[in-house]
Structures are given as structure tokens and as C-alpha cells.
Amino acid sequence: MSYTLQEDLENNINNIKMDFNNTFDLSIREIKFGINKKMKLNVVFLGGLVDTDYLQNSVILRIMDTLNIDKPLINKEFINNVANSILSAASIKITNSYQDVLDAIIQGKTVLVFDGFLEVIIADTAKWKERALEESSGERTPNGMVFGFSENAQTNINVLRGMVKSEQFYVQKMNFGSVAKTDVYLLFLHDTVDNGILKEVRKRLEKVDVKYIMQGRVVQEIVDGKQTLFPLTLNSERPDVIASGILEGRVILMVDGNPQVMIFPSMFTDFLQAPDDYTTNYGRFSIRIIRLFAFLTTIFLSGIYVALDKYGGDRLSKKVYESLVTKNELLPTIWEVIILIILFRVVIDACNRIPKNLVILIALIGPILIGETAITANLIHPVGLIIVGLTFITGTLFGNSGLTAAFSTLRFIIIILAYYFGYLGIIIGATLILMHMISLKSVGVPYLSPLIPFRVKEIKDSLYRGKLEKLVNSKHGYPDENN
């Protein structure tokens, strides 16, 4: 709704509150001045975006020390006198435009609204909190933004406000914990957010009853509801990913002390996307299909190899069979695959936990131990090592997306089914996985949307990336059961 500035101070402040949807970080300081303290003004700003020391010294103290008058002269002379002779802020603007007021507050400036005047004063007191420009270690991309969120929620909100400059950007603050309280924030764009999803997220947050919150995963599991191997929430520490989610009408959940921020709803196709998909034309029609193929490969390739060993001996020539599967190795193929997977997992886990200066040692010992020595000792087949290596390489595409738990567990399930039932077992396993994924919902939204149910308008940003102009101007819709 569009308002205009009025002479009544209370009406102006109420309108500003309504436009900012009573967001918690909208700060309003009332000052009374004049000999009998009958005159009033309100100092309006967004907490965390202004330099409070500068605001105190250049604006508030100057007004309280100088404005010692009973009545102003005429409106324009009084406002001009305050702006040009009293305030010591470096940049001052006088305006009677209500939209200028909203824009100034969003940009971290301070607005002085006087009772009985149509004009307001805008003082530039902005001081955006920023962390050092450190590359996001968990979500690296060759193009686009390079820095990630910090552990301070207010700093992260300020970063997002610098990217989503709209008065519709709403922040709701809550806190949970009976022993130690932790601040949790809901962020969304008021006129764009899917109200059904927002209502469902708030409803699930009401169920949070914990002593303390050290990790956002505690809240995430409660909001997700259903326990499953597949991640129902996309976590990201990149501001550009979160800002895109806000502009697409999604709900953002931020836990103070955690750089990982949650996006609701999150569908399976979201995990096939990467931030640099939107900064280059390279692979816009193919890269997500390749990632989907990699996801299937990391789950099924080892199982197919095991099935080939047990059920392909009669169908392949001896020479081909020995070249591809086994040639009197000491370990059966299924144990080759399982042991190699465990060893790869141990090496990766070790690299994540040991000091960085020792990673190179693991990188040297690993190939010698797993590769050269094991093959020379006739413990494993070279092709088996290649198969497991490809399985892990394709899995690294999703290492930080939350899908690791899903494909790591499903990989073993498919191997066991392949060993006992052959290719039929793989088909049965794939069917059960698909049926399970169809049954999943992220805060009421089908997990495989927009593929199942098929929604043609949303396909342009799922398995391929459509034209950026159309993506930016289109309104995303979610087939949720909450509306």
C-alpha cells in the first residue's frame, strides 16, 4: 500500500511500521524537545545497519542540546534550520516523499520525522556490517560471489538486506531453549512469499521444545517432520543462494551462531543446481542433466558391477570376464567393492579432520595403499578400483548439498540387492527409491516437483536453466497442500 507523508507524527510512524510489517529490527526513538518538551520527533532506522555512535553524536545529541525552543517558525525554515545548522552528519537530505523515506531506511539511513511537518530529514548514518571477504569453503564456485555467511545472524541479515533492498523484506525473531536461549530468525519477502508454506513453517516451529540449540540441525529436523535419508531442506552458507530463495517466495530460517542457513521448501531438483549456473551460459541445458546422471551413477554403478560378477559369468567370454570383473583375486567382488568403499570413506573422513598440513600425507599414502599395493598383491581387480573411484568422484558433486547420507546408504542397499537378486534387484531397488521420493514433501510441497507432479511453468529452472530475464520476472509457485 502506498502512503503519503502527513503532519501527524503518529500516522506517519504507523504507516512506516505497516510497510515494514512490524519487523523486529525497525528501531524508533522518540525525542521530546523545546522548553516545555511539547514538541516531538521520531528517529527511525533499521537496527544493525547504522553506525550508532555516529547517530548518537551527529544527530540525537545535537538535537537534544540545540533545539531549545517553544515553537518553530514556519515549517520550511524550521526543517532547513535543523538540517543545515544543527545536524553535523556528513550527508543530509530534506524530502516530502514517502517513498524516499522507505528507500532511505532500507539503505541504512536515519529518518527524522517531526510532529506537525510534512517534510522529513534523512541523515546518512549507514554502516553495513561485513565479515572479511572469505571464500565459502563448503560451496565453492568458479564464478559469482565468493564470500559466505558468518556465525553472527545479525551480520548475515545485514548482508541480505544489502542484496534484497525492499521494504517487503520481513524479519521475524524468535528464541528457543529452556536452559540457554538461542535466537532464530524467519526471513521472507512479505508480498512474494507463499503464505501456505509460511503458515506451515510457523506451525512446525511452535513444536520446538528443547533445552538449547547448538546446531541448526535441531530446528531443521523438527521443521522437516518426516525422517528420511533424503534432505528435505537445502542448507547454504552463500548469501546469493539465500537472497535468490527470498526473491522466489521461499521462507528462510536462520539460527544465530550457525553460518548454514535453511531454505523452505527445498525440492530434489534444487540439489542439482549450483550458484554459477546463473553466472554463465556454459552448460545451461546439460550440466544439471549431467549432475542427475552422476547422482544415479554414485548409487547404482557399484551394484551393477557386483551383478555383472555374479550373473554375467555365463554371458561373457572368459577373456572379457577376467578383464572386467575377476581373475582369481583373493577377495570376492562384493567384498572388493565394500572394502574399497569403506577405505575411500575413511580417507575422505581423515582429510576432513586432520590438520591441513597433513592432508598431503594422506593424499600420498591413500593411492599407494588402496591402489598400487592392493592390485599388486592380487587382492582387488583394477576395474573394481576404477568403478569405486568413479562412484566416489561422481558423489563429490553433492558432497556439501546434503545428499551424501542418501547416496552413501542407498549405495550399500543396491549392492546387497544386486548380489542376491542380480539386475532384477537393482530394478526393484530403483523402483522403491522412486516411490519413496514421490511420497516425500518439504513443508507440504512434493519433493519431486516440478517433475512429479509435472508443472511445465517451473521446468525452466529445474533440469535446465532458462533465460535469466524470464526467470527473474517470473513468479514461482509451489503446489503445496497448505493452501
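Residues numbered from 1 in each chain as written. Predicted model: local features only at pLDDT ≥ 70, side-chain atom pairs only at ≥ 80, totals over all residues. Heavy atoms only, no water.

## Notes on the sheet that holds strand 2 (residues 39-46)
Within a sheet, adjacent strands bond to each other through the backbone by hydrogen bonds, running parallel or antiparallel.
Move 1: Strand order in the open sheet formed by five strands is 1-2-4-5-3, with antiparallel pairing between adjacent strands. Two strands in the sheet have a free side with no partner beyond their single neighbour: strand 1 (26-33) and strand 3 (92-95). Across the sheet, the axes of successive neighbouring strands diverge by a mean angle of 20°, strand direction being ignored.
Move 2: Judged from the four bridges that link them, strand 3 and strand 5 (residues 120-123) form a sheet pairing that is antiparallel. Counterpart to Ile94 in the pairing with strand 5 is Ile121.
Move 3: Docked against the sheet, helix 1 (residues 9-19) engages strand 1, strand 2 and strand 4 (110-114), running at close to 10° with respect to strand 2. (Pairing = 2+ DSSP bridges. Helix = DSSP H or I, 4+ residues; strand = E, 2+ residues; numbered from the N terminus. Axes fitted to C-alpha atoms, helices over the stretch in contact; angles between N-to-C directions. Contact = heavy atoms within 4.5 Å.)

## Observations concerning unusual backbone geometry
Move 1: Here the residue pair Phe264 and Pro265 is connected by a cis peptide bond, since its omega of -10° sits within 30 degrees of zero.
Move 2: As for its placement among the helices and strands, Pro265 is situated in the loop between strand 10 (261-264) and helix 9 (287-311).
Move 3: A cis amide bond, omega 5°, links Ser449 with the succeeding residue Pro450.
Move 4: Structurally, Pro450 can be placed in the loop between strand 12 (445-446) and helix 15 (468-473).
Move 5: The backbone of Asn21 sits at a positive phi, close to 55°, despite the residue not being glycine.
Move 6: If you trace the backbone, Asn21 turns up in the loop between helix 1 and strand 1.

## Overview of the nonpolar core
Move 1: Of all hydrophobic cores here, the largest spans 42 residues; its most connected members are Leu160, Leu187, Phe230, Ile246, Leu403 and Tyr447.
Move 2: For this core, the elements supplying multiple residues, two or more each, are helix 5 (153-163), strand 6 (169-176), strand 7 (182-189), helix 8 (239-247), strand 9 (251-255), strand 10, helix 9 and helix 14 (404-439).
Move 3: In terms of residues, this core owes the most to one element, helix 14, which gives eight residues.
Move 4: Those residues in contact with Leu160, other than ones at most four positions away along the chain, are Phe149, Phe169, Leu187, Pro239, Ile242, Ala243, Ile246 and Met254.
Move 5: Ranked by size, the runner-up nonpolar core spans 25 residues in total, among them Leu186, Phe188, Leu253 and Phe264. (Core = buried A, V, L, I, M, F, W, Y, C linked by side-chain atoms within 4.5 Å. Buried < 20%, exposed > 50% of the residue type's maximum accessible area, 1.4 Å probe, protein only.)

## Here we look at the sheet that holds strand 7
Move 1: Across the sheet, five strands lie side by side as 6-7-9-10-8; this open sheet has antiparallel pairing. The open sheet has two free edges, formed respectively by strand 6 and strand 8 (234-236), since each of these has just one partner strand. For this sheet the average axis-to-axis angle between neighbouring strands, irrespective of direction, equals 25°.
Move 2: Helix 8 contacts strand 6, strand 7, strand 8, strand 9 and strand 10 of the sheet and is inclined by roughly 55° relative to strand 7.

## A few points about the pattern of salt bridges
Move 1: Within the structure shown, the criterion is met by eight salt bridges.
Move 2: Among the salt bridges present, the one from Asp240 reaches Arg238, with a minimum N-O distance of 2.9 Å.
Move 3: Each member of the salt-bridge network shares a partner with another, and the members are Glu248, Arg250 and Asp270. (Salt bridge = Lys/Arg side-chain N within 4 Å of Asp/Glu carboxyl O.)

## Some points on the packing of aromatic side chains
Move 1: Following the criterion strictly, the structure yields 11 aromatic pairs and no others.
Move 2: Aromatic pair Phe295 and Phe398: ring centres 5.9 Å apart, planes at 80°, arrangement edge-to-face. Note that Phe295 is positioned in helix 9 and Phe398 in the loop between helix 13 (382-395) and helix 14, a separation of 103 residues in sequence. As far as burial versus exposure is concerned, Phe295 and Phe398 are alike and both buried.
Move 3: Ring pairing ties together the aromatic residues Phe230, Phe268, Phe295, Phe398 and Tyr447, which thus form one cluster. (Phe/Tyr/Trp six-rings, centres within 6.5 Å; stacked < 30°, edge-to-face > 60°.)

## Focus: the packing of helix 9 against helix 13
Packed helices, taken two at a time, are described by the angle their axes make and the gap between the axes.
Move 1: One way to put it is that helix 9 packs onto helix 13 with a least axis distance of 7 Å and a crossing angle of 160°. Looking at the two axes, helix 9 sits roughly antiparallel to helix 13. At the point where helix 9 passes helix 13, the crossing takes the left-handed sense. Of helix 13, the residues touching helix 9 (which contributes Ala294, Thr297, Thr298, Leu301, Ser302 and Tyr305) are Val383, Gly384, Ile387, Leu390, Thr391, Thr394 and Gly395. (Parallel < 35°, antiparallel > 145°, perpendicular 65-115°, else oblique. Left-handed = near helix turned anticlockwise from the far one by under 90°.)

## Digging into the pairing of strand 4
Move 1: Most of strand 4 is tucked away: five of the five residues are buried.
Move 2: Burial along strand 4 is two-sided: the face carrying Thr110, Leu112 and Phe114 and the face carrying Val111 and Val113 are both buried.
Move 3: Sheet analysis places strand 2 next to strand 4, joined by four bridges and oriented antiparallel. Bridging from a neighbouring strand, Val44 pairs with Val111 of strand 4.
Move 4: Between the antiparallel neighbours strand 4 and strand 5 lie five residues, among them Gly116 with a positive phi of about 95°.

## Here we look at the packing of helix 9 against helix 11 (residues 333-353)
Move 1: Following both chains from N to C, one finds helix 9 and helix 11 inclined at 160°, their axes separated by 9 Å at the closest point. Classed by the angle they form, the pair helix 9 and helix 11 counts as roughly antiparallel. The way helix 9 lies across helix 11 gives a crossing that is right-handed. Side by side, helix 9 and helix 11 meet where Ser302, Tyr305, Val306 and Asp309 of the first sit next to Thr333, Ile334, Val337 and Ile341 of the second.
Move 2: By residue class, the composition of the contact of helix 9 with helix 11 is five nonpolar, two polar and one charged. (Nonpolar A, V, L, I, M, F, W, Y, C, P; charged D, E, K, R; others polar.)

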